[in-house]
Structure formats: structure tokens, C-alpha cells
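So you can see what is in the structure, the chains are spelled out below.
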Amino acid sequence: MHRFANPARFLRFATVAMPWFAAAAIVCIAAGLWFALVASPADYQQGETVRIMYVHVPSAWMALLVYTVVAGGSISALVWKHPLGEIVARAAAPIGAAFTLICLITGSLWGKPMWGAWWVWDARLTSVLVLFFLYLGYMALLGAFDDPVRGGRAASILAIVGLVNVPIIKWSVDWWNTLHQPASVARMDGPAIHSSMLTPLLLMAAGFGFYFAALLMLRVRAEIMTRRVRALRLAAMEAEA
Amino acid sequence: MRAFTAILARDLRLALRQGGDAAAVVLFFVLAASLFPFGVGPEPNLLARIASGVIWVTALLSVMLGLDRLFLADHEDGSLEAMLASPLSAVALVVAKCLAQWLLCGLPLILAAPVLALFLQLPVEGLPILLAALALGTPTLVLMGAIGAALVLGARRGGILLALLVLPLTVPVLIFGVAAVDAAIAGLPARPHLLVLGALLLATLAAAPFAAAAALRQSVE
């Protein structure tokens with residue numbers, strides 16, 4: 001991992017890897033959508049609305065994964081002063097916020113026909129909403145200072161503090177017996193879901209993961225370039241003065 | 001320990017001589033809570049049902065109101081830098097300032113709560129539990145808020161930002177604080193909820209000063 005802590009080396013890796021990630025994302029999502037919309041059966045209870053799950057569940061997983069990436073990057077930025085850690089965290093946050101929003105919206109669309117309400121104040125829903133606010137707070141704090149270095153460090157501390165919410169979301173359905181159904185895929189005794197539904201779900205999850213990786217490479221590259229331009233401009237100004 | 005008490009005494013003395021800050025927080029608490037009967041109607045049963053939630057939410061907002069000033073004055077006049085350069089650890093500094101803040105803003109809220117409970121027709125059985133829950137919950141809120149207050153030092157629109165950062169984290173305190181009172185009113189044991197509040201206080205006490213101290217240190221670099 002340390003090899004990639006060097007921004008220039010990471011830049012080369014990102015440039016090569018981005019198209020592969022993008023291609024893998026397209027393949028997985030295309031195959032996942034075919035299985036999800038055509039090849040998988042409608043649920044015996046939920047009917048066709050079960051297909052919302054193939055977007056909802058992967059985006060929920062991604063929301064948590066990306067937050068962990070943001071916090072991990074922040075930790076490496078604060079503890080080991082890796083410049084790349086902060087760049088990755090900064091680049092990942094808006095993507096994670098978008099996945100969280102997708103998760104909340106698709107959940108709401110599914111909740112209306114199933115539970116009869118767009119929104120219920122259940123432990124899982126509330127903790128995901130808090131996650132969304134944490135993403136927004138992180139991004140707001142990044143932009144709130146005149147000095148970007150100061151903003152980056154303050155936001156890193158916030159990202160680490162917010163990490164307490166991740167296990168709460170993961171186990172909220174086990175700790176509190178509420179409306180949201182308990183975990184059915186990541187279980188000790190194997191997934192409690194039929195393979196005709198598990199295949200599209202996992203394909204979509206892999207597709208979302210590759211999509212995130214491709215977007216992250218793109219955004220990290222843009223961020224490194226921006227910093228380089230800023231450094232060059234500063235150097236040019238100093239040379240003039 | 002001497003430096004700790006010195007900072008505590010200094011903050012208390014400053015606040016008492018300037019006056020007004022703690023009084024303003026309590027005034028806001030009472031005013032905001034007494035708006036609810038106008039908003040939802042003065043029907044006693046309805047008020048009794050929502051009283052615990054109203055008192056908790058307004059207490060939460062009142063604590064937030066005073067928090068953006070926790071480190072701000074010291075940051076602006078440079079004394080924060082001096083305190084961080086002193087042998088007293090930054091973590092102890094945060095705890096001392098939080099304790100002072102709680103004595104000035106949290107404790108008055110708890111003292112004012114019975115009056116509000118009376119206004120809002122809270123059933124009498126709920127009152128002792130409400131006070132116990134506030135006594136456990138408000139220090140947690142101050143400690144969580146201290147992280148936010150340290151993070152937004154030097155930021156644009158720090159006060160608003162502070163609310164955005166801290167309010168999501170305070171949700172568990174609110175949930176268990178209200179659940180304790182509601183359980184007591186319904187004749188159920190409130191003890192489990194109070195224990196969770198106590199656990200939240202201990203966990204925050206163990207973690208928040210370190211996060212706030214890290215935020216303070218990078219604010220003066």
C-alpha cells in the first residue's frame with residue numbers, strides 16, 4: 001500500500017486503472033440489470049417492487065463502504081500525514097453522499113407501497129439519515145475555511161468521529177426490533193435469499209463498487225492536477241515577485 | 001490538577017463577571033419551549049404527550065446555542081495558544097472548559113426544567129426521571145459539542161456549521177432521554193434507558209476530549 005502513497009505513482013496507477021474499472025462497472029451493471037429486471041422472479045409477497053432492492057441494497061452497502069474509505073483516508077492523513085489519504089477522502093465524500101441519497105430515495109419509493117409510508121422513524125432509516133448528514137457536514141467543513149489545509153484537517157477529525165455511526169447502522173436492525181427487515185445476505189449461516197435473487201444483487205453490488213472505483217480514480221486525478229496547478233501558480237507568482 | 005482548576009475557575013469567573021450568557025441560554029430554553037403550546041394548541045392531553053420530547057429538543061438546541069463560544073473568545077485573543085503551549089495537556093484543557101460550560105449552561109437548564117414540565121403538563125411521575133436523564137444527557141451534549149466547537153474555529157459561519165456537525169451525533173442522547181421519561185410516565189422501568197444514557201456519557205467522556213484536543217491543536221498551528 002505504501003508504494004501508492006506517492007501521488008505521482010498513484011496518478012500513473014489511476015490513469016491506467018480507471019478505464020478498466022469503468023468497463024468492469026458497465027459489464028457488471030448491465031448483466032446485473034438483465035438478471036434483476038428480466039431473469040429473476042417477482043417476490044411472492046412483494047411482487048414487482050422487490051426489484052427496487054437491486055439498487056437499494058447495493059447503494060446502502062456503498063454508502064457504508066465509502067464512508068469507511070473517507071474515514072480511513074482521514075486517519076492516514078492525520079496519523080501518517082499521507083497527502084494522498086486526504087485527497088482520497090475528499091474525492092470519495094460526494095460519491096458516498098450520492099449513494100446515501102440514492103439509498104434513502106429508493107428505500108422511500110419501496111416503503112410507500114410496502115409499509116404505506118414514505119418515511120418511518122425506524123432505527124435503520126434514522127441512522128442512514130444521520131450518515132447522510134455526516135457526509136454533508138464533512139463536505140461543508142472542507143469548504144468552510146479560507147485555508148484549504150486547515151479545512152482538510154478539521155474535516156478529517158470529523159470523519160473519524162462520525163465513524164461511530166457505521167457499526168450502529170450495520171447492526172441497527174439486530175439491536176432494535178423495528179420495521180426494517182434484518183440482514184439476509186451477510187449472515188453467519190449463509191445468505192437467506194434464493195440464488196435467483198442473490199445473483200443480480202451481487203452483480204449490481206460489484207458493478208456499484210467498480211463504478212465507485214472508476215469515479216474515485218477520476219476525482220483523485222482531478223484533485224491532484226488541481227493541486228499541481230495551484231502549486232505552479234504560486235511558484236510563478238513568487239518568481240515574478 | 002492545579003492548572004485544571006485554574007482554568008475552570010477562570011472560565012467561571014469570566015462568565016460571572018460578564019454575566020448574561022448563562023441567563024440567555026435559560027431564557028431561550030424557556031421561551032422556545034413555551035412556543036409549543038401556541039404551535040400545537042393548549043390541549044392538556046396533547047401537551048402531556050409531547051412534553052418530554054419538547055423539553056429535550058429545546059434543551060438540546062439551548063446547549064448548542066452557547067457552544068460556539070466555548071473556545072472562540074480564547075481563540076481570537078490568542079490565550080488558547082498560550083494554554084496549549086502550557087504544560088497542561090490539551091485533553092485536560094478541553095475537560096476543564098467543558099465542565100465550566102456545563103456548570104454555566106447545562107446545570108441552569110436542569111434547574112429550569114421543572115418549571116417547563118409544569119407549563120407543559122408533564123405527568124408528575126415523569127419529573128424525577130426527566131431531571132436524572134437531563135443530568136446524564138446534558139454533559140454528553142456539551143462534550144460532543146466541544147468537538148464541533150473546536151473544529152469550526154476560524155471557519156466562516158461557524159455557528160451554523162457547528163449545528164450541522166453536532167446535531168446528527170446527538171440523536172442517540174435525544175432518543176434515550178425521551179424514552180426514559182416516557183417509560184416512567186407509562187409505569188415501565190426507566191432504568192435501562194438511564195443506564196444507556198450513562199454509558200453514552202462515559203463513552204463520550206472517554207473519546208470526545210481527545211478528538212476536541214486534536215481539533216484545537218490543528219486550529220492554532
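- The name that an unreviewed UniProt entry assigns to chain B is Heme exporter protein B, with the source organism given as Stella humosa.
- For chain B, the Sequence similarities (unreviewed entry) comment in UniProt is given as "Belongs to the CcmB/CycW/HelB family."
- Quoted straight from UniProt, the Function (unreviewed entry) entry for chain B says "Required for the export of heme to the periplasm for the biogenesis of c-type cytochromes."

## What to know about the overall build of chain B
Next up, step 1: For chain B, the count of helices and strands is 10 helices and 0 strands.
Next up, step 2: Tracing chain B from N to C terminus, the helices and strands come up as α-α-α-α-α-α-α-α-α-α.
Next up, step 3: Against the 2.2 N^0.38 benchmark of 17 Å for 221 residues, chain B shows a C-alpha radius of gyration of 18 Å, consistent with a compact globule.
Next up, step 4: A principal-axis box enclosing the C-alpha atoms of chain B has dimensions of 55 × 35 × 30 Å.
Next up, step 5: For chain B, the residues scored as buried account for 50% of the 221 residues in total.
Next up, step 6: Partitioning the intrachain contacts of chain B with sequence separation of at least 6 by distance along the chain shows that 80% fall at a separation of at least 24.
Next up, step 7: Counting only carbon and sulfur atoms, one obtains 72% of the accessible surface of chain B, whose full area is about 9900 Å².
Next up, step 8: Distance from the positive charge centre (11 side chains) to the negative charge centre (11 side chains) of chain B: 6 Å.

## Re the packing of helix α4 (residues 123–142) of chain A against helix α8 (residues 158–166) of chain B
Next up, step 1: Put simply, α4(A) and α8(B) touch, their axes get as near as 8 Å, and they point 150 degrees apart. Put simply, α4(A) runs roughly antiparallel to α8(B). With respect to the hand of their crossing, α4(A) and α8(B) are arranged in left-handed fashion. Side by side, α4(A) and α8(B) meet where L136(A), G137(A), A140(A) and L141(A) of the first sit next to L161(B), L164(B) and L165(B) of the second.
Next up, step 2: Class assignment of the residues belonging to the contact of α4(A) with α8(B) gives a composition of 6 nonpolar, 1 polar and no charged.

## A look at the pattern of salt bridges
Next up, step 1: Taken as a whole and assessed by the stated rule, the structure comprises 8 salt bridges over all chains.
Next up, step 2: D146(A) serves as the salt-bridge partner of R156(B), at 2.4 Å between the closest nitrogen and oxygen. In this pair, R156(B) is assigned in the loop between α7 (126–151) and α8 and D146(A) in the loop between α4 and α5 (148–162), connecting two distinct chains.
Next up, step 3: On the basis of relative accessibility, which here comes to 35%, the residue R156(B) falls in the partly exposed class.
Next up, step 4: A relative accessible area of 68% places D146(A) in the exposed class.
Next up, step 5: A salt bridge links D11(B) to K97(B); the nearest nitrogen and oxygen atoms lie 2.9 Å apart. Taken together, the residues span a long stretch of sequence, with D11(B) in helix α1 (residues 2–18) and K97(B) in helix α6 (residues 90–119) at a distance of 86 residues.

## Details of the side chain of D11(B)
Next up, step 1: Taking relative accessible area as the criterion, D11(B) reaches 12% and is therefore assigned buried.
Next up, step 2: In this structure, D11(B) is in contact with K97(B), A100(B) and L104(B), ignoring residues within four places of it in sequence.

## What about the interface of chain A and chain B?
Frequently, the measure chosen for interface size is the accessible area that the parts lose on association.
Next up, step 1: Taken together, the contacts link 19 residues of chain A with 21 residues of chain B.
Next up, step 2: Taken together, both faces of the contact between chain A and chain B bury some 1700 Å²; the carbon and sulfur share is 70%.
Next up, step 3: In this assembly, chain A and chain B are joined by 1 salt bridge.
Next up, step 4: For the side of chain A that touches chain B, the elements supplying multiple residues, two or more each, are α4 and α5 of chain A.
Next up, step 5: In terms of residue count, α4(A) provides more of the side of chain A that touches chain B than any other element does, 8 residues in total.
Next up, step 6: Tallied by class, the residues present in the side of chain A that touches chain B amount to 13 nonpolar, 3 polar and 3 charged.

## A few points about empty space enclosed by the protein
Over the atoms rolls a probe the size of a water molecule, and in doing so it shows where empty space is left.
Next up, step 1: Scanning all chains against the criterion turns up 1 cavity of 30 Å³ or more.
Next up, step 2: Volume-wise, the largest cavity comes out at about 30 Å³.
Next up, step 3: Surrounding the largest cavity, L158(A), V161(A), M144(B), I147(B), G148(B), L151(B), L165(B), V166(B) and L169(B) form its lining.
Next up, step 4: Put simply, the parts of the chain that give the lining of the largest cavity at least two residues each are α5 of chain A together with α7 and α8 of chain B.
Next up, step 5: Element by element, the count of residues in the lining of the largest cavity is highest for α7(B), at 4 residues.
Next up, step 6: Partitioned by chemical class, the residues of the lining of the largest cavity number 8 nonpolar, 1 polar and no charged.

## Here we look at the environment of A236(A)
Residue and element names in this part refer to chain A.
Next up, step 1: With respect to the helices and strands, A236 occurs in helix α7 (residues 195–240).
Next up, step 2: Among the residues examined, A236 registers a relative accessible area of 40% and is labelled partly exposed.
Next up, step 3: Sequence separation of A236 and W34 is 202 residues, and the distance between their C-alpha atoms is 54 Å.

## Observations concerning helix α9 (residues 171–185) of chain B
Residue and element names in this part refer to chain B.
Next up, step 1: In this model α9 runs 21 Å from its N-terminal to its C-terminal C-alpha over 15 residues, within 8% of the 21 Å that 1.5 Å per residue would give.
Next up, step 2: Of all the positions in α9, only V173, F176, G177, V178, A180, V181, A183 and A184 are classed as buried.
Next up, step 3: On the buried face of α9, the contacting elements are α3 (44–67), α7 and α10 (191–220).
Next up, step 4: Where α9 ends, the next residue or the one after it, G187, has phi of about 80 degrees, a positive value.

## Observations concerning a nonpolar patch on the surface
Residue and element names in this part refer to chain B.
Next up, step 1: On the surface, L35, F36, F38, V40 and L46 cluster together to form a nonpolar patch covering roughly 490 Å² of accessible area.
Next up, step 2: Ranked by the residues each element gives to the nonpolar patch, the list is headed by helix α2 (residues 21–40), at 4 residues.
Next up, step 3: Tracing the backbone shows L35 in helix α2.

## Some words on the packing of α7(B) against α10(B)
Residues and elements named next belong to chain B.
Next up, step 1: Their axes nearest at 8 Å, the elements α7 and α10 cross at an angle of 20 degrees. The angle between α7 and α10 places the two elements in the roughly parallel class. Along this stretch, α7 crosses α10, giving a crossing that reads as left-handed.
Next up, step 2: Within the contact of α7 with α10, the residues separate by chemical class into 22 nonpolar, 3 polar and no charged.

Cut-offs applied
Residues numbered from 1 in each chain as written. Chains lettered and ligands numbered in written order. Predicted model: local features only at pLDDT ≥ 70, side-chain atom pairs only at ≥ 80, totals over all residues. Heavy atoms only, no water. UniProt positions renumbered as here; feature names shortened; annotations may be inferred. Helix = DSSP H or I, 4+ residues; strand = E, 2+ residues; numbered from the N terminus. Rg over C-alpha atoms; globule rule 2.2 N^0.38 Å. Buried < 20%, exposed > 50% of the residue type's maximum accessible area, 1.4 Å probe, protein only. Contact = heavy atoms within 4.5 Å. Areas by Shrake-Rupley, 256 points an atom, 1.4 Å probe, with all protein chains shown as cover. Lys, Arg positive; Asp, Glu negative; His and termini not counted. Charge placed at Lys NZ, Arg CZ, Asp CG, Glu CD. Axes fitted to C-alpha atoms, helices over the stretch in contact; angles between N-to-C directions. Parallel < 35°, antiparallel > 145°, perpendicular 65-115°, else oblique. Left-handed = near helix turned anticlockwise from the far one by under 90°. Nonpolar A, V, L, I, M, F, W, Y, C, P; charged D, E, K, R; others polar. Salt bridge = Lys/Arg side-chain N within 4 Å of Asp/Glu carboxyl O. Buried area = accessible area lost by both parts, 1.4 Å probe. 1 Å grid on protein atoms, 1.4 Å probe; cavity = no way out; pocket = protein on both sides within 12 Å on 5 of 7 lines; lining within 4 Å. Points joined across faces, edges and corners; volume = space filled by probe spheres on them. Expected span 1.5 Å × (residues − 1). Patch = residues over 30% accessible without salt bridge, like charges linked within 9 Å, V, L, I, M, F, W, Y side chains within 5 Å.

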